[in-house]
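# Inside the fold
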Amino acid sequence: MDKMTDDKRDTEQAIKEAAKKVFLVNGLKGARMQAIADEAGINRAMLHYYFRTKDKLFEVIFADAMQEMNQRMGAIATSDLPILKKIEHFVYGYMESASSNPEFDLFIINEFQQNPDYFTEMMKTSNAGTAMKAFVHEIEKAVKKKEIVGDPHQIFLSMISLCVFPFAAKTMVRTMLGHSEKQYTKLLDERKKFLVQFVVKGISP
């Protein structure tokens, strides 16, 4: 029974990993269940056994990503760390997560533009904004205590923008800088420390 459970879990994970690749290349509308089955190395009947529709499969993948983000950001927001340390953990956590799946940000941005109602509803269903709101609240408290300066929403927007852009615009920025894939990866790894210093300097009293 345990082996059957493990096999099922492994198959589900393989399907989700295959679906991510197909979704990233083709977008939500352009992705086909047959292509996902082929990528996962299974037949289409088995794919439909695990996930009845393409939308359901995408919803599961999206929910997993949002849950991981909520857990990470929620843990930072509710910790006893000073605000500047929370910001450091936020930046490092986001950059490391995005580095493991660098195309995901651009994919989500594109899909939001094409299907705003669908994605807005999914964001509500997955409570994706809960952890972000909690983090913004921590920034607001720190501003009131004069631990940092600036408009809390501008601070948060700047942090998100500075983290997301290098991944969402990877191809363009890489081309502009004339970097190889290896050079750009190194630049992003070094950016974590630079970005923390940049943000902290801008909001310190």
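Figured I'd write up the structure that's included with this text. (Residues numbered from 1 in each chain as written. Predicted model: local features only at pLDDT ≥ 70, side-chain atom pairs only at ≥ 80, totals over all residues. Heavy atoms only, no water.)

For the chain, the helix and strand inventory stands at 11 helices and zero strands. Going from the N terminus to the C terminus, the chain shows its helices and strands as α-α-α-α-α-α-α-α-α-α-α. For the chain, the C-alpha atoms occupy an extent of roughly 60 × 40 × 35 Å along the three principal directions. The buried share of the chain, reckoned over its 205 residues, is 38%. Here the analysis covers contacts within the chain between residues at least 6 apart in sequence; of these, 64% occur between residues at least 24 apart. When the accessible surface of the chain is summed, it comes to about 12400 Å², and 57% of that surface belongs to carbon and sulfur atoms. (Helix = DSSP H or I, 4+ residues; strand = E, 2+ residues; numbered from the N terminus. Buried < 20%, exposed > 50% of the residue type's maximum accessible area, 1.4 Å probe, protein only. Contact = heavy atoms within 4.5 Å. Areas by Shrake-Rupley, 256 points an atom, 1.4 Å probe, with all protein chains shown as cover.)

The end-to-end C-alpha distance of helix α9 (residues 152-168), which contains 17 residues, comes to 24 Å, matching closely the 24 Å that a straight helix rising 1.5 Å per residue would cover. Three or more residues of α9 are buried, namely P152, I155, F156, M159, C163, V164, P166, F167 and A168. Where α9 begins, one side-chain oxygen reaches toward the backbone nitrogen of H153, 3.0 Å away; that side chain belongs to D151. (Expected span 1.5 Å × (residues − 1). Polar contact = N/O pair within 3.5 Å; in protein donor to acceptor, adjacent residues only side chain to side chain.)

A word on the pattern of salt bridges. For the coordinates displayed, the defined rule picks out 11 salt bridges. For the salt bridge of E17 with K20, the shortest nitrogen-to-oxygen distance reads 3.4 Å. Here K20 and E17 lie together in helix α1 (residues 2-30), a separation of three residues that amounts to about one turn. For E17, a relative accessible area of 35% gives the class partly exposed. For K20, a relative accessible area of 29% corresponds to the partly exposed category. Connected through shared salt-bridge partners, K86, E138 and K141 make up one network. (Salt bridge = Lys/Arg side-chain N within 4 Å of Asp/Glu carboxyl O.)

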